[in-house]
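Geometric and topological summary
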Amino acid sequence: MTFLSSLISGISLGSVYAIIALGYTMVYGIAKMLNFAHGDVIMVGAYVCYFAFNSFGLPWYIGVLLSMIICTILGVVIEKLAYKPLRAAASLAVLITAIGVSYFLQNAALLLWSSSPKSFPQKFFNIGGKSGFTIFDGKLEISYTILVTIICCVVIMIALTLFTEKTKLGKAMRAVSENKEAAQLMGINVNRTISITFAIGSGLAAIAGVLLCSAYPILQPTTGSMPGIKAFTAAVFGGIGSIPGAFLGGLLLGILESFTKFYLSTQLADAIVFGILIVMLLIKPTGLLGKKIMEKV
Amino acid sequence: MKKILALIIAVVMMVACFTACGGQAETEATAFKIGGTGPLTGPAAIYGNAVKNAAEIAVEEINAKGGIQLELKYEDDAHDAEKAVSAYNSLKDWGMQIFLGSVTSKPCEATVAEAANDNYFLLTPSASSTAVIKDNDVGFQMCFTDPNQGSASAQYISDKGLGKKIAVIYKSDDVYSTGVLETFKAKAAELKLQIVSETAFADGTDTDFTAQLKDAQDKGADLVFLPMYYTPAYLIISQANQMGYAPTWFGVDGMDGVLTIEGADTSLVEGVMLLTPFNADSTDEKTAAFVKKYQEKFGEVPNQFAADAYDCVYAIAQALENAKATYDMDNVKLLEVLKEQFTSMKFDGLTGDGMTWDTDGAVTKSPKGMIIKDAAYVGLD
Amino acid sequence: MKKLLRKDNIKNLSSYILVIVAFVVCQILIGAKAMPSMYQSLLIPVCVYIVMALSLNLTVGILGELSLGHAGFMSVGAFTGVAIALALKEVITATWLLLAVAMVCGAIMAAIFGVIIGIPVLRLKGDYLAIVTLAFGEIIKSLFTNLYMGIDPEGGFHIGLITKPEDLVEGSKMLINGSIGISGVQKISTFTAGFILIIISLIIIFNTVKSRTGRAIMAIRDNRIAAECVGINITKYKMTAFVLSAAIAGAAGALYSLNYSTISATKFDFNTSILILVFVVLGGQGNMIGSIIAAAVLTILPEALRQFADYRMLVYAIVLILIMLATNNPTLKMFFDKIKKAIRFKKKEEAKEDM
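Residues numbered from 1 in each chain as written. Chains lettered and ligands numbered in written order. Predicted model: local features only at pLDDT ≥ 70, side-chain atom pairs only at ≥ 80, totals over all residues.

Concerning the overall build of chain B
For chain B, the helix and strand inventory stands at 11 helices and 15 strands. For chain B, the C-alpha radius of gyration of 22 Å lies close to 21 Å, the compact-globule estimate for 381 residues. The C-alpha extent of chain B, read off along each of the three principal axes, is 70 × 60 × 40 Å. Of the contacts formed within chain B by residues at least 6 apart in sequence, a portion of 68% connects residues at least 24 apart. (Helix = DSSP H or I, 4+ residues; strand = E, 2+ residues; numbered from the N terminus. Rg over C-alpha atoms; globule rule 2.2 N^0.38 Å. Contact = placed C-beta atoms within 7 Å.)

Next comes the structure, spelled out in structure tokens:
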């Protein structure tokens, strides 16, 4: 029973990581930049949804929609103002602006919405007034929030995979990710493609924000930063640019974390999880589902 | 090369700021300059802002009375010792005479060393680590120390027979949490309390607490001790609720504020016990007036950090009045008179009546046991 | 070739001159009591961050590998340095010597960690390498927050993880106390020591870069396979650069920790690693003088912005973004180039006129 409950708590944590990692991997794989502001866009998304629900009394689906729209706009604006002018610069240079944007969002949120924590409504996904269902004669409880998170995660992963595999725009994104110059020569508008990637990534961030805060209902201006770093780790761990990889990486990281806490040590959980991660990367140096790149001189 | 050029421009800009600050003319002092540092940005910003806001209210009230006049300045330290020291030094440049210390423990340990070196009187509202008052002659505390809380909690649990099997969840990278835990464990061993489960979390792992809770539940703990601030505590309690685990929850003064979380489901924290010197729902006239004013001004219910800060300013004002201190006294002279006052006077504030300080700088007020009933604190005794 | 080398030398020399001039100016300002105490308190942190930036630049700029866990080495140096300083307080009475010993020990310990971490890390490439350095940074932080070390009256060390060492006898002193870290540190760091550390770091880095080792390292950075084909021992040279970088960071960590009366492991987290990376990237990868200026400016900037009160960090963020845009934007670049050309043209004209 302990095993099952640790697995379930791991999956629930992992699916939140995974959904953030999906947004990360989109931007990281295609624009080749570490978007450190991604975690903070998540935070903005959660706040928007919180206010829509709590202050304006809107139903939750409108809240989610609203936060997706606002985050997408925010993502595009950030991209236009802060990242686009640096398109020609080295990818590490953009990292600094991303950090600047991250500081900016966090501190703007602090000034706008104050530092005191808000409790995110947990009743979003209640069915019949209950927050979850039990199996094995009530020994094991699974909350609907977890279920919704996992379903969302799988749906988004499949949708994104289909999108990048089948649609014209998705193919353009992959082309840009492979080789910017060659893509440009093939008539792809690289700038526009990257902008669209940001828009999609930010829209996903809004969903991630709502799901993160539904599962762990405390909302603060710094809410997004730590899960952001974990998710980034998961994205790389899964194999950079690989959408199923990000999903798998996130899920595995969550399960690993949960197992460590259950069976090994809660005090050293972070150290052990990262240690296992290192060992796994040594065995598979290009991430779980990463592509082996042939090196040429 | 352009980068260097841009950076040089930035340097020039900064030097411009720097000279602008330096060129202040000496004017006659018309108020005592009180300074403090605290986390106004970053993850710990709730505590810093609460202290700053409450101190501002207190200063306004005192100034409005027309007696001694105070001038307050708070600088951001982002809960970081390094930043706290530069914040402290910037207060020194401003002409600070009395120092309110830092809001959080670690930064305060750093600033108290500086203050001791420069002879500034320091009264911190909330830095509860013993290192703040130990081994120096300038540090005083308004809150009670971590060891005090830990042993008081164990004593309380034992006296009232609140739990047979006790579980502890603590934040392993937080000074406050481990400080309380250490003395709690020592006292618990002395009183033969049985601690069955001891688990931790840290900054990176503070979202999912299933493992910690499951451990406590499996080992049959009927009381869970939570030496931490209220934000993670609320998460823990709400997750336990989802698991269907309902032990007695026991917190320390950091738990205070759990009722002020916007949008919180207060039914979750029903029955939570905590030791706190301050109760925002108290019918006490002074407290009610303070809470009302705070809410009007900042739109939030003040927590115990705010109450301690409010008391700090009033205690300093009282000491200054008693000592008949004058505005032109420098920090060394003020340190001397304030120390004399603080070790001899009695102070009635929001967080206790008849508070006195010992020569170390520790306050003698006893934490009160509270239980949350119908979304309000009720005294346990 | 000769000319190129000379140009290099001039650039290196200008770094030394910049540091020395800045040091002298600061000393004069302090002597004349013209420097506000806030800026005085920033002198040592600035020195530390400059050294950190220089050492990371060795990994990122010269070796060409992205490291996201550099603060971990700083942490190792800091804890070692303070523990040594506390343990030897009675033995060595001259504070400058104590500081030097602490810094050297910090550097050695960080170098040992550099070797341990370097073995797995350097087998990976690119982003995967970066993520593993991040992981090591977090592991070091997590270990130090749970580390307890006591010293008994006879001078024996006792180490415990998660809980205090049980064999601790009465009268022993806790050196490292878990998340509380180390308290009651005697402040022995001085600005002069910081200045000397910068100069030593510069000497080490410039000499390494100019040497055979440095050329091999840069060859690996520019083309690993080609370098391997010419017979360069990739692992050895990568390791040299990585360990050197770790050691310098360790010394800086010791200097840092001995400047505050208290130190805790949470200070050396991912955010600090990133901050140092920002110095390096802003100053230019491989550009030491750039690192020095960037580290100094970005450490002082948030403090200088204190007059903005609540909006301080917001302004800092905007300034950071603007600096980056200004230094990398093509339009602005062209503008700067034009000015430069105009100046050059004018100079030529003047030269002609002189003739």
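Now that the structure has been shown, the text picks up again.
Points about the overall build of chain A
In terms of regular secondary structure, chain A is built from 11 helices and four strands. Against the 2.2 N^0.38 benchmark of 19 Å for 297 residues, chain A shows a C-alpha radius of gyration of 19 Å, consistent with a compact globule. Counting only C-alpha atoms, chain A reaches 60 × 50 × 35 Å along its principal axes. Split into buried and exposed, the 297 residues of chain A put 58% on the buried side. In chain A, of all internal contacts separated by at least 6 residues, the share reaching a separation of at least 24 is 75%. (Buried ≥ 20, exposed ≤ 12 C-beta atoms within 10 Å, placed from the backbone.)

Focus: the environment of Ser 75 of chain C
Residue and element names in this part refer to chain C. Topologically, Ser 75 is positioned in helix H3 (residues 70-87). Sequence spacing of Ser 75 and Leu 197 is 122 residues, and the spatial spacing of their C-alpha atoms is 17 Å. Apart from the residues within four sequence positions on either side, Ser 75 is in contact with Ile 140, Lys 141, Phe 144, Gly 253, Ala 265 and Phe 268.

Structural notes on the interface of chain A and chain C
Across the contact, 38 residues belong to chain A and 36 residues belong to chain C. Put simply, the parts of the chain that give the side of chain A that touches chain C at least two residues each are helix H4 (91-113), helix H9 (225-238) and helix H11 (269-283) of chain A. Ranked by residues supplied to the side of chain A that touches chain C, first place goes to H4 of chain A with 13 residues. A per-class count over the side of chain A that touches chain C returns 28 nonpolar, eight polar and two charged. (Nonpolar A, V, L, I, M, F, W, Y, C, P; charged D, E, K, R; others polar.)

Description of the domain arrangement of chain B
Residues and elements named next belong to chain B. Domain boundaries in chain B define domain 1 (29-144 + 287-364) and domain 2 (147-276). Taking the mean C-alpha position of each, domain 1 and domain 2 sit 29 Å from one another. At the junction of the two partners, domain 1 supplies 10 residues and domain 2 supplies 11 residues. Looking at the side of domain 1 that touches domain 2 residue by residue, the classes come out as two nonpolar, six polar and two charged. (Domains from an automatic or database assignment.)

Here we look at the pairing of strand E12 (residues 352-357) of chain B
Residues and elements named next belong to chain B. Here strand E11 (residues 347-349) runs beside E12; their pairing, made up of two bridges, is antiparallel. Opposite Phe 347, over in E12, you have Met 355 as the bridge partner. Between E11 and E12, which follow one another and run antiparallel, lie two residues. Relative to strand E13 (residues 363-364), E12 runs antiparallel, the two sharing two bridges. What sits directly across from Thr 356, in E13, is Thr 364. The hairpin formed by E12 and E13 contains five residues between the paired strands, and Gly 361 there has a positive phi angle of roughly 120 degrees. (Pairing = 2+ DSSP bridges.)

Thoughts on the sheet that holds strand E14 (residues 368-373) of chain B
All names here are of chain B. Ordered by their spatial adjacency, seven strands build an open sheet running E7-E6-E8-E9-E10-E14-E15, and the pairing between neighbours is mixed. On the outer flanks of this sheet lie strand E7 (194-201) and strand E15 (376-379), each paired with one strand and no other. When strand polarity is set aside, the average angle formed by the axes of neighbouring strands in this sheet is 30 degrees. Alignment of strand E6 (residues 165-171) against strand E8 (residues 223-226), held across three bridges, turns out to be parallel. (Axes fitted to C-alpha atoms, helices over the stretch in contact; angles between N-to-C directions.)

Comments concerning the interface of chain C and chain B
Counting residues at the interface gives 43 residues for chain C and 40 residues for chain B. Elements with a minimum of two residues in the side of chain C that touches chain B: helix H2 (37-63), helix H5 (126-145), helix H10 (270-283), helix H11 (288-304), helix H12 (312-328) and helix H13 (330-354) of chain C. Top element by residues in the side of chain C that touches chain B is H11 of chain C. It accounts for eight residues.

Focus on helix H8 (residues 230-243) of chain B
In this model H8 of chain B runs 20 Å from its N-terminal to its C-terminal C-alpha over 14 residues, within 8% of the 20 Å that 1.5 Å per residue would give. The buried count for H8 of chain B comes to 10 of 14 residues, which makes it a mostly enclosed element. On its buried side, H8 of chain B packs onto strand E1 (118-119) and strand E4 (218-219) of chain A together with E6, helix H7 (210-218), E8 and strand E9 (248-251) of chain B. Two residues or fewer past H8 of chain B, Gly 244 of chain B is found with a positive phi of approximately 80 degrees. (Expected span 1.5 Å × (residues − 1).)

Considerations on the packing of helix H2 (residues 38-54) of chain A against H9 of chain A
Residue and element names in this part refer to chain A. Contact pair H2 / H9: the axes reach a minimum separation of 8 Å and the direction vectors enclose 135 degrees. Between H2 and H9, the angle falls in the class oblique. Where H2 crosses over H9, the handedness of that crossing is right-handed. In this structure, H2 uses His 38, Gly 39, Asp 40 and Ile 42 to contact H9, whose residues at the interface are Ser 225, Pro 227 and Gly 228. Partitioned by chemical class, the residues of the contact of H2 with H9 number two nonpolar, four polar and one charged. (Parallel < 35°, antiparallel > 145°, perpendicular 65-115°, else oblique. Left-handed = near helix turned anticlockwise from the far one by under 90°.)

A word on the pairing of strand E10 (residues 273-276) of chain B
A regular strand places its side chains so that they alternate between the two faces of the sheet. All names here are of chain B. Here E10 shows no split at all, with Met 273 and Leu 275 on one side and Leu 274 and Thr 276 on the other all buried. Where E10 lies against E14, four bridges are found, and the strand directions are antiparallel. What sits directly across from Met 273, in E14, is Ile 371.

Notes on helix H1 (residues 2-31) of chain A
Residues and elements named next belong to chain A. Given a rise of 1.5 Å per residue, 30 residues ought to cover 44 Å, and the 42 Å separating the end C-alpha atoms of H1 matches this to within 8%. Counting buried positions over the 30 residues of H1 gives 25, a clear majority of the element. One or two positions beyond H1, positive phi appears at Lys 32, with a value near 55 degrees.

Description of unusual backbone geometry
Residue and element names in this part refer to chain B. The backbone of Ala 78 shows a phi angle near 50 degrees, a positive value even though the residue is not glycine. Checked against the element boundaries, Ala 78 lands in the loop between strand E2 (70-76) and helix H3 (81-94). Of note in the backbone geometry, His 79 takes a positive phi value of approximately 60 degrees without being a glycine. Structurally, the position occupied by His 79 is in the loop between E2 and H3.

Regarding the sheet that holds E2 of chain B
Residues and elements named next belong to chain B. What the five strands build is an open sheet, ordered E2-E1-E3-E4-E5; its pairing is parallel. Since the sheet does not close on itself, it has two edges, and those belong to E2 and strand E5 (139-141), each with one partner. Put simply, the sheet's adjacent strands are angled 25 degrees from each other on average, direction ignored. Relative to E5, strand E4 (residues 121-124) is paired through three bridges, and the arrangement is parallel. In the strand pairing of E5, Thr 124 is matched with Gln 141.

Things to note about the environment of Ile 42 of chain A
Residue and element names in this part refer to chain A. In this structure, Ile 42 sits in helix H2. Classification of Ile 42 by C-beta neighbours within 10 Å gives buried; the count is 32. Ile 42 sits 102 residues away from Tyr 144 along the chain, and the two C-alpha atoms are 21 Å apart. In contact with Ile 42, not counting residues within four places along its chain, are Ile 20, Ala 205, Ala 208, Gly 209, Leu 212, Gly 224 and Gly 228.

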